[in-house]
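# Coordinate analysis (summary)
Spelled out, the chains give:
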Amino acid sequence: MSSSPQETCPRGDPVTPLLRTEGVGRTHTLRGARIDLLDDVTLDLEAGQITALVGHSGSGKTTLLHIMGLLDDPDRGRVFLGDDDMTNLAEAARADARRRRLGFVFQSHNLLPQHSAYRNILVPYAGSRTDGEPRARRLLDRVGLTARASHLPGELSGGEQQRVALARALINDPPVVLADEPTGNLDPDSERQLLTLFRELADEGRAVVVVTHNAAISDTADVVHRLEKGLLTTERPARRHVDDHTTPPRRPDHTTPPRRPDHPASRNRQSPQQPGHPTRTETTPA
Ligand SMILES: Nc1ncnc2c1ncn2[C@@H]1O[C@H](COP(=O)(O)OP(=O)(O)OP(=O)(O)O)[C@@H](O)[C@H]1O
């Protein structure tokens, strides 16, 4: 098998989530007080699904995303990519997993200002240059930016920069995409384009997790997890998180392609986490 990234996303085994946190905990001590920011958080990211991670500011969403993305270590618990326990791996192996198996999109897209859109997409490529260049061009086309290939980030709009960042996140064809407030700085059109791309990625069999305060994303998501006082509550199916309960749950038309029964997302509907039930039943004092 070639060591370069493949063109097709690795599909998840129907029963093995693409990413799993198991009993993850993170405790801080602030001015002598112990704070369980994350307490026994168990969650699965399944193939074919967009997962939204919501909660008030400071509830630990980014911390959990960084732990899932192997950018940070939990104090307790484990993180699996497929069947692989990533918890106590050496940093070199974690870095390799981050590069090949995880794609990151951040609110501030972190593009290199001196490089063109095309070069930025190639920066994290793990394969050979001859394989990478056509891949980068296809990804530029996919995010609708072929005509902007040679433009510097400063010459692109915020939405275009974020689509370059998404193309960069996909260069190694990762099965899992993690996004932290990706629409935070975007206008509604750019937001819609990004959400459409996320839906396509899920429909290809990837797991997409999005930390967000944006109700449009939680509407679009297949699964919504809420973090509160260290505990994770799973809400399924996704529904609005605004106070307008008179409006029925709805997905934007562009996010609802019909799914075949044999689609990875259809095979993964069952979950040990039930709607509305925290992973632990008691609340942990902050
Ligand atoms: N090393 C640390 N020591 C003490 N507190 C910390 C440490 N790291 C993070 N925190 C605190 O943990 C809390 C959670 O931060 P985090 O960024 O994960 O929250 P968030 O839910 O993503 O917030 P937001 O929605 O505002 O981005 C914050 O109050 C932060 O200050």
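Residues numbered from 1 in each chain as written. Predicted model: local features only at pLDDT ≥ 70, side-chain atom pairs only at ≥ 80, totals over all residues. Heavy atoms only, no water.

Attention now goes to the overall build of the protein. Helix and strand counts for the protein stand at eight helices and eleven strands. A total of 286 residues make up the protein; the buried ones form 51% of that total. Surface summary for the protein: the accessible area is close to 13300 Å², and the carbon and sulfur share equals 51%. (Helix = DSSP H or I, 4+ residues; strand = E, 2+ residues; numbered from the N terminus. Buried < 20%, exposed > 50% of the residue type's maximum accessible area, 1.4 Å probe, protein only. Areas by Shrake-Rupley, 256 points an atom, 1.4 Å probe, with all protein chains shown as cover.)

It is worth spelling out helix 2 (residues 91-101) at this point. Of the residues making up helix 2, those classed as buried are Arg94, Ala97 and Arg98. End-on, the buried residues of helix 2 take up no more than an arc of 100 degrees, which puts them together on one face. (Arc of directions from axis to C-beta.)

With that settled, the discussion passes to the pairing of strand 1 (residues 19-30). One ladder, built from nine bridges, connects strand 1 with strand 2 (residues 33-45); its direction is antiparallel. Bridging across to strand 2, Thr21 finds its partner in Leu43. As defined by bridge partners, strand 1 adjoins strand 4 (residues 76-81) across five bridges and the pair is classed as antiparallel. Its bridge partner lying in strand 4, Glu22 is registered against Arg78. (Pairing = 2+ DSSP bridges.)

Turning our attention to helix 5 (residues 158-169). The terminal C-alpha atoms of helix 5 lie 16 Å apart, and with twelve residues this matches the ideal 16 Å at 1.5 Å per residue to within 8%. Listed as buried for helix 5 are Gly159, Glu160, Gln161, Gln162, Arg163, Val164, Ala165, Leu166, Ala167, Arg168 and Ala169. In this structure, the buried side of helix 5 is in contact with strand 6 (102-106), helix 3 (117-122), helix 4 (129-142), strand 7 (176-180) and helix 6 (188-203). (Expected span 1.5 Å × (residues − 1). Contact = heavy atoms within 4.5 Å.)

One pass over the full model with this rule turns up 21 salt bridges. Residue Arg129 pairs with Glu133 through a salt bridge whose shortest N-O separation is 2.8 Å. Pair noted here: Arg129 and Glu133 are both in helix 4, with a separation of four residues, about one helical turn. In this structure Glu133 comes out as partly exposed when scored by relative accessible area, which is 23%. Across the pair Arg142 and Glu204 runs a salt bridge whose closest N-O atoms are separated by 2.3 Å. Within this pair, whereas Arg142 is found in helix 4, its partner Glu204 is found in the loop between helix 6 and strand 8 (207-211), the two being separated by 62 residues in sequence. Relative accessible area serves as the criterion here: at 28%, Arg142 is assigned to the partly exposed category. Here Glu204 falls in the partly exposed class, since its relative accessible area comes to 21%. (Salt bridge = Lys/Arg side-chain N within 4 Å of Asp/Glu carboxyl O.)

What the four strands build is an open sheet, ordered 2-1-4-5; its pairing is antiparallel. Of all the strands in the sheet, the pair left with one neighbour each is strand 2 and strand 5 (84-85). In this sheet, strand 5 lies alongside strand 4 in antiparallel orientation, the contact comprising two bridges. Considered in strand 5, the bridge of Leu81 is made with Asp84.

Every residue near the ligand is listed here: His28, Leu37, His56, Ser57, Gly58, Ser59, Gly60, Lys61, Thr62, Thr63 and His213. Contacts to the ligand include Ser57, whose side-chain N or O atom sits 2.5 Å from an oxygen atom. Among the elements that line the shell around the ligand, the one with the most residues is helix 1 (residues 61-68), at three residues. Residues of the shell around the ligand, tallied by class, amount to one nonpolar, nine polar and one charged. (Near = heavy atom within 4 Å. Polar contact = N/O pair within 3.5 Å; in protein donor to acceptor, adjacent residues only side chain to side chain. Nonpolar A, V, L, I, M, F, W, Y, C, P; charged D, E, K, R; others polar.)

A few words on the nonpolar core. The biggest cluster of nonpolar side chains holds 38 residues, and the ones touching the most others in it are Ile121, Leu166 and Phe198. Mapped onto this core, the elements with two or more residues apiece are strand 3 (50-54), helix 3, helix 4, helix 5, strand 7, helix 6 and strand 8. Ignoring anything within four residues of it in the chain, the contact list for Leu166 reads Val105, Val177, Leu194, Leu197, Phe198 and Leu201. Grouped together as the second largest cluster of nonpolar side chains are 28 residues, Leu43, Ala47, Val79 and Leu102 included. (Core = buried A, V, L, I, M, F, W, Y, C linked by side-chain atoms within 4.5 Å.)

It is worth spelling out the packing of aromatic side chains at this point. Applying the stated criterion to the full structure yields one aromatic pair. On the basis of an interplanar angle of 5 degrees and a centroid distance of 5.9 Å, the ring pair of Phe104 and Phe106 is categorised as stacked. When its relative accessible area of 15% is taken as the criterion, Phe104 is described as buried. When the ring centre of Tyr118 is taken as origin, the NZ or CZ atom of Arg137, which lies over that ring, is 4.1 Å away. (Phe/Tyr/Trp six-rings, centres within 6.5 Å; stacked < 30°, edge-to-face > 60°. Lys NZ or Arg CZ within 6 Å of the ring centre and 35° of its normal.)

Inspection of the secondary structure assignment puts His115 in the loop between strand 6 and helix 3. Classification of His115 by relative accessible area gives partly exposed; the value is 29%. With 37 residues separating them in the primary sequence, His115 and Leu152 have C-alpha atoms 5.9 Å apart. Every residue in contact with His115, bar those within four places of it in the chain, is listed here: Asn120, His151, Leu152 and Pro153.

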